[in-house]
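Examination of the molecular architecture
Listed below are the residues making up each chain.
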Amino acid sequence: MSSLDSVTSAISTSNLQVHYGETLALAAVDLEVPKGSLLSVIGPNGAGKSALLNALAGTVQTSDGTVNVEGGAPALVLQATQVDRSLQMTVRDVVSLARYSQKGLFKRFSASDREIIQRSIERMAVGHLTHSQFHELSGGERQRVLVAQGLAQDAEVLLLDEPINGLD
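What comes next is a walk through the structure. Going along each chain's sequence as written, the residues are numbered from 1 onward. Under the rules for a predicted model, residues below a pLDDT of 70 receive no local features and side-chain atom pairs below 80 are neither given nor counted, while totals for whole chains, interfaces and linings still include all residues. Just so you know, side-chain values use all the structure's heavy atoms and leave hydrogens and water out.

Re unusual backbone geometry
If you check the backbone angles, A28 has positive phi at about 50° while not being a glycine. Runs of E in the DSSP output that reach at least two residues are strands. Runs of H or I that reach at least four are helices, and both are numbered from the N terminus. Within the secondary structure, A28 sits in strand β2 (residues 23–34). For D154, which is not glycine, the phi torsion reads 55° and is therefore positive.

Written as structure tokens, this is what we have:
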């Protein structure tokens, strides 16, 4: 058995289709992404890139086909957008939100949770911003914080929708 025989897929789809109402957003996508790999999906606006990511993340209903993502729910980082100024959250708060899906809303963070949050903040080089209000950041800084939030989910699959859009 070669080393390639033992590689399993992190993501696989078969005949994947997504409709938004009557509009076909994604048609007949067959995809196999091996564990440990990096895949970039490139195309013009309206080509279905975000529809594909949302289908993989399970945030939109598929019209047809199958989606399999290894290791449970993937982390999905959306494009950075404008943030309401009334949202009073620090950068650390925003990254910490990633842990609640596994922890539960009213449970305290463990040392492991705090370590994952800190490691994600450091990996995205936003440590100097941890006490800053999220709504006060530039678009690029917000995007880096959202990627840190995705990393803090500690998911086996990380999906990034235009991750470098607006980066400083």
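A closer look at the pairing of β2
Within a regular strand, the side chains alternate between the two sheet faces. The sheet contact formed by strand β1 (residues 9–20) and β2 spans eight bridges and is antiparallel. Bridging from a neighbouring strand, H19 pairs with L24 of β2. Any two strands with at least two DSSP bridges between them are considered paired. Following β1, the chain reverses through two residues before pairing antiparallel with β2; G21 in that reversal takes a positive phi of roughly 65°.

A word on the environment of A57
Among the secondary structure elements, A57 is positioned in helix α1 (residues 49–57). Expressed as a C-alpha distance, the spacing of A57 and V77, which sit 20 residues apart in the sequence, is 10.0 Å. Excluding its chain neighbours within four sequence positions, the residues that come into contact with A57 are P74, L76 and L159. A contact between two residues is defined here by any heavy atoms of the two lying within 4.5 Å.

A closer look at the nonpolar core
In this description, a nonpolar core means a group of buried Ala, Val, Leu, Ile, Met, Phe, Trp, Tyr and Cys residues linked to one another through side-chain atoms lying within 4.5 Å. The buried label goes to any residue with under 20% of its type's maximum accessible area, the exposed label to any with over 50%, and the partly exposed label to all in between, with areas taken from a 1.4 Å probe on protein chains only. Core analysis: the biggest nonpolar cluster contains 20 residues, and V91, V94, V95, V126, F134, L137 and V145 have the highest contact counts within it. Listing elements by their share of this core, those giving two or more residues are α2 (91–96), α4 (111–123) and α5 (139–152). Ranked by residues supplied to this core, first place goes to α5 with six residues. Those residues in contact with V95 that lie beyond four places of it in its chain are I117, S120, I121, V145, A148, Q149 and A152. V18, A25, A51 and L56 belong to the second-largest nonpolar core, a separate cluster that totals 17 residues.

A look at the side chain of S96
Looking at the element boundaries, S96 is found in helix α2. Once residues within four sequence positions are removed from consideration, S96 is found in contact with F109 and I117.

Comments concerning the packing of aromatic side chains
What counts as a ring pair is set by centres within 6.5 Å for rings of Phe, Tyr and Trp (its six-membered ring), and what kind of pair is set by the plane angle: stacked under 30 degrees, edge-to-face over 60, tilted for all other angles. Taken as a whole, this structure holds one aromatic pair when the rule is applied. Measuring from ring centre to ring centre gives 5.1 Å for Y100 and F109, while their planes differ by 45°; the resulting arrangement is tilted. With relative accessibility at 28%, the residue Y100 sits in the partly exposed group.

Details of the pattern of salt bridges
We count a salt bridge whenever a side-chain nitrogen from Lys or Arg sits within 4 Å of a carboxyl oxygen from Asp or Glu. By the definition in use, this model includes three salt bridges. Measuring nitrogen to oxygen at the nearest pair gives 2.9 Å for the salt bridge that ties D113 to R99. Remark: R99 occurs in the loop between α2 and α3 (100–103) and D113 occurs in helix α4; sequence separation between them is 14 residues. A relative accessible area of 5% places R99 in the buried class.

Some words on α1
With seven of its nine residues buried, α1 lies for the most part within the structure. Those residues of α1 that sit buried are K49, A51, L52, L53, N54, A55 and L56. Tucked into the core, α1 has its buried residues touching β1, β2, β3 (64–69), β4 (75–77) and β5 (158–160). G58 sits one or two positions beyond α1 and adopts a positive phi of about 80°.

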